[in-house]
Amino acid sequence: MADTTQMLKGILDGCLLSIIKEGEIYGYELAAKLESYGFHSFSEGTIYPLLLRMQKEGLVSTTLRKSTAGPKRKYYSLTEKGEQELEQFVHRWTQLSSSVNNVLNKGGNN
């Protein structure tokens, strides 16, 4: 059986973009939001490399802001390119989930 982490590898980017679209957010908040949505296997250590890659690809921009608890925090925002990528992800996800559901439901009807 496929490991859940492997299955989620490509999906996590789209989920992160969707959360960032809600408004500026820093890494720890992203990890907490993911957990609140039921993604319990991802830590900040998993998320930061993805965010760095997204930043290099121009999908997100960053701003350093003062923190009341320690060093400055890097906040992430969606760029126009990131919004386009999110739209494409939603389209691909809708098609994929529909196809998988069709296969699974067909199997249950025999």
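Throughout what follows, the structure given in this document is the object of discussion. (Residues numbered from 1 in each chain as written. Predicted model: local features only at pLDDT ≥ 70, side-chain atom pairs only at ≥ 80, totals over all residues. Heavy atoms only, no water.)

Moving on: the sheet that holds strand β2 (residues 60-65). Reading across the sheet, the three strands line up as β1-β3-β2 and stay open at both edges, with antiparallel pairing between neighbours. Sheet topology places β1 (25-26) and β2 at the edges, where each strand pairs with a single neighbour. As defined by bridge partners, β2 adjoins strand β3 (residues 73-78) across six bridges and the pair is classed as antiparallel. Of the residues in β3, the one forming a bridge with S61 is S77. Strands in contact with helix α3 (residues 44-56) are β2 and β3; relative to β2, the strand with the most contacts, it is inclined by about 115°. (Pairing = 2+ DSSP bridges. Helix = DSSP H or I, 4+ residues; strand = E, 2+ residues; numbered from the N terminus. Contact = heavy atoms within 4.5 Å. Axes fitted to C-alpha atoms, helices over the stretch in contact; angles between N-to-C directions.)

Let us now look at the packing of aromatic side chains. Considering all chains together, one arrives at one aromatic pair under this definition. For the ring pair Y26 and Y75, a centre distance of 5.3 Å and an interplane angle of 70° mean the geometry is edge-to-face. With a gap of 49 residues between them, Y26 in strand β1 and Y75 in strand β3 connect regions that are remote in the sequence. Y75 matches Y26 in its accessibility class, with the two residues each being buried. The residue whose ring lies beneath R65 is Y75, and the NZ or CZ to ring-centre distance is 5.5 Å. (Phe/Tyr/Trp six-rings, centres within 6.5 Å; stacked < 30°, edge-to-face > 60°. Buried < 20%, exposed > 50% of the residue type's maximum accessible area, 1.4 Å probe, protein only. Lys NZ or Arg CZ within 6 Å of the ring centre and 35° of its normal.)

Honestly, it's all geometry; don't read function into it.
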